[in-house]
Amino acid sequence: MSKSTFEEILARDGRLVYSQVGDSMSPLICQGRDLLVIEKPKGRLKRLDIPLYKRDSGQYVLHRILKVRKDDYVICGDHRWCREYGITDKHIIGVLTAVIRDGREIPMSDWRLSLYAHLWCDLFPLRALILRCRGVVKRLRRRL
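To keep things clear, this report deals only with the structure shown in the data block. As the structure is a computational prediction, the values presented were derived from the model and not from experiment.

## Structural notes on the sheet that holds strand β5 (residues 64-68)
Spatially, the 3 strands line up as an open sheet ordered β5-β6-β7, and their pairing is antiparallel. Two strands lie at the open edges of the sheet, namely β5 and β7 (84-87), each paired on one side alone. Averaged over all pairs of adjacent strands, the angle between strand axes in this sheet comes to 35 degrees, irrespective of strand direction. Judged from the 2 bridges that link them, strand β6 (residues 73-76) and β7 form a sheet pairing that is antiparallel. Bridge assignment links Tyr73 to a residue of β7, and that residue is Ile87.

As structure tokens, this is what we get:
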């Protein structure tokens, strides 16, 4: 059986359900626990949406939009502190519409997820500082 790309599955089915690899969207999404529901975007995305996009290198990434600019988006993973610039609509394949956890589908419009997104992103400078400090401490421990 041949492997289909995310783009092919979305074009064929209009919806993609898959499990994530990595921790860049932790604590919202945990590898091995959650399934993600991705759908084709309906128009331009907005702040706090979570697009699935393909970098120019070919790597697929699922990160949150921090800022919508005229020609592109400023994007960052929930467990990252470095912002990514220059992601345009041509890079975006789909948008996260729900998380399936313990067999239950939770829409991204759920008030708890909305509250989490606002707190997590509105406090980005504090979060970035904490993640940077944690990274420095981890590197120092490895060297000792």
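## Focus on helix α3 (residues 124-143)
Taking 1.5 Å as the rise per residue, α3 with 20 residues should run 28 Å; its terminal C-alpha atoms sit 29 Å apart, in good agreement. Regarding α3, the residues found buried are Phe124, Arg127, Ala128, Leu131 and Gly135. Taken around the axis of α3, the buried residues stretch over an arc of 100 degrees, which confines them to a single face. Structural note: α3 exposes Pro125 and Arg141 on the side pointing more than 90 degrees away from its buried face. Packed against the buried residues of α3 are β5, β6 and α2 (111-122).

## Re unusual backbone geometry
With omega at 5 degrees, the peptide bond leading from Ser26 into Pro27 counts as cis. Turning to its location among the elements, Pro27 is positioned in the loop between β1 (15-18) and β2 (34-39). Although it is not a glycine, Leu48 sits at a positive phi angle of roughly 80 degrees. Tracing the sequence through the fold places Leu48 in the loop between β2 and β3 (51-54).

Rules used in this analysis
Residues numbered from 1 in each chain as written. Predicted model: local features only at pLDDT ≥ 70, side-chain atom pairs only at ≥ 80, totals over all residues. Heavy atoms only, no water. Pairing = 2+ DSSP bridges. Helix = DSSP H or I, 4+ residues; strand = E, 2+ residues; numbered from the N terminus. Axes fitted to C-alpha atoms, helices over the stretch in contact; angles between N-to-C directions. Expected span 1.5 Å × (residues − 1). Buried < 20%, exposed > 50% of the residue type's maximum accessible area, 1.4 Å probe, protein only. Arc of directions from axis to C-beta. Contact = heavy atoms within 4.5 Å.

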